[in-house]
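A closer look at the structure
The residues making up each chain are set out below.
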Amino acid sequence: DVFMATSVTKKDGSKQSFDEGKLKGSIQLACQDAGISPERTAEVVNQVLPAVLAVAAAREEVATSELREVILRELEAAEPAAAEAWRKHEAAKDS
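What this report covers is the structure whose coordinates are included nearby. Along each chain, residue indices are assigned from 1 in the same order as the chain's sequence is written. For this predicted model, a pLDDT threshold of at least 70 governs which residues receive local features, and a threshold of 80 or more governs which side-chain atom pairs are given and counted, while totals over whole chains, interfaces and linings are taken from all residues. With hydrogens and water excluded, all non-hydrogen atoms of the structure serve as input to the side-chain values.

1. Some details on the sheet that holds strand S2 (residues 15-17)
At least two DSSP bridges between two strands are required for those strands to pair. In this description a helix means any DSSP run of H or I spanning at least four residues, a strand means any run of E spanning at least two, and both kinds are numbered starting from the N terminus. The strand order across the open sheet built from three strands is S2-S1-S3, with neighbouring strands paired in mixed fashion. Looking along the sheet, the strands with just one partner apiece sit at the ends: S2 and strand S3 (61-63). If you compare each strand with its neighbour and ignore which way they point, the axes differ by 30° on average. Where strand S1 (residues 7-9) meets S3, three bridges bridge the pair, whose relative direction is parallel. When the bridges of S3 are listed, threonine 9 appears paired with alanine 63. Every axis in this analysis is a line fitted to C-alpha atoms, fitted for helices over the stretch in contact. Angles between the N-to-C directions lie between 0 and 180 degrees.

Okay, structure coming up:
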């Protein structure tokens, strides 16, 4: 029985339910934006997602900033171009 975070705390303090699919989707999007092939994207997701889920598994509630850190660290290791695309997407969202 795997324990998993049930909620994510956003920057503004609001909470939303933890959504593995959403995380997976944003990793895939970053890979697409970086022009990475679908095959390689699947590999990157399989490399990055377990590390993110391991962080979420450790507690009931996790901050989006923590998830972001892990995702960026793992993307940086797996596919730096995808990490770059993630940061660009984030910057666009915040502006």
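2. Observations concerning the pattern of salt bridges
Here the idea is simple: oppositely charged side chains can pair when their charged atoms come close. Within this document, salt bridges are pairs made up of a side-chain nitrogen of Lys or Arg and a carboxyl oxygen of Asp or Glu, the two lying within 4 Å of each other. This model, assessed by the stated rule, comprises seven salt bridges. Where arginine 73 meets glutamate 74, a salt bridge forms, and the shortest distance between an N and an O atom there is 4.0 Å. Because the salt bridges share partners, they merge into one network encompassing Arg40, Glu43 and Glu79.

3. Describing the nonpolar core
Formed by 26 residues in total, the largest nonpolar core has its most connected members in Phe18, Ile27, Ile71 and Leu75. Looking at this core, the elements that each hand over two or more residues are helix H1 (20-33), helix H2 (38-57), helix H3 (64-78) and helix H4 (80-94). Residue contributions to this core peak at eight residues, all from H2. Excluding residues within four positions of it along the chain, isoleucine 71 makes contact with Leu23, Ile27, Val48, Val52 and Trp86. Buried residues of nine kinds, namely Ala, Val, Leu, Ile, Met, Phe, Trp, Tyr and Cys, make up a nonpolar core once their side-chain atoms join them within 4.5 Å. Only protein chains enter the area calculation, which uses a 1.4 Å probe; residues under 20% of their type maximum are buried, those over 50% are exposed, and those in between are partly exposed. Only heavy atoms matter for contacts: two residues are in contact if any of them lie within 4.5 Å across the pair.

4. Notes on the packing of H1 against H4
Two elements in contact, H1 and H4, have axes whose closest approach is 8 Å; the angle formed by their N-to-C orientations is 105°. By the angle class used here, H1 and H4 are roughly perpendicular. Taken together, the residues of H4 that come into contact with H1 (itself represented by Ser26, Ile27, Leu29, Ala30, Cys31 and Asp33) are Ala82, Ala85, Trp86 and His89. Classifying every residue of the contact of H1 with H4 by side-chain character gives seven nonpolar, two polar and one charged. Note that the term roughly parallel is reserved for angles under 35 degrees, roughly antiparallel for angles over 145, roughly perpendicular for angles of 65 to 115, and oblique for everything else. In this classification, Asp, Glu, Lys and Arg are treated as charged, Ala, Val, Leu, Ile, Met, Phe, Trp, Tyr, Cys and Pro as nonpolar, and every other residue, Gly included, as polar.

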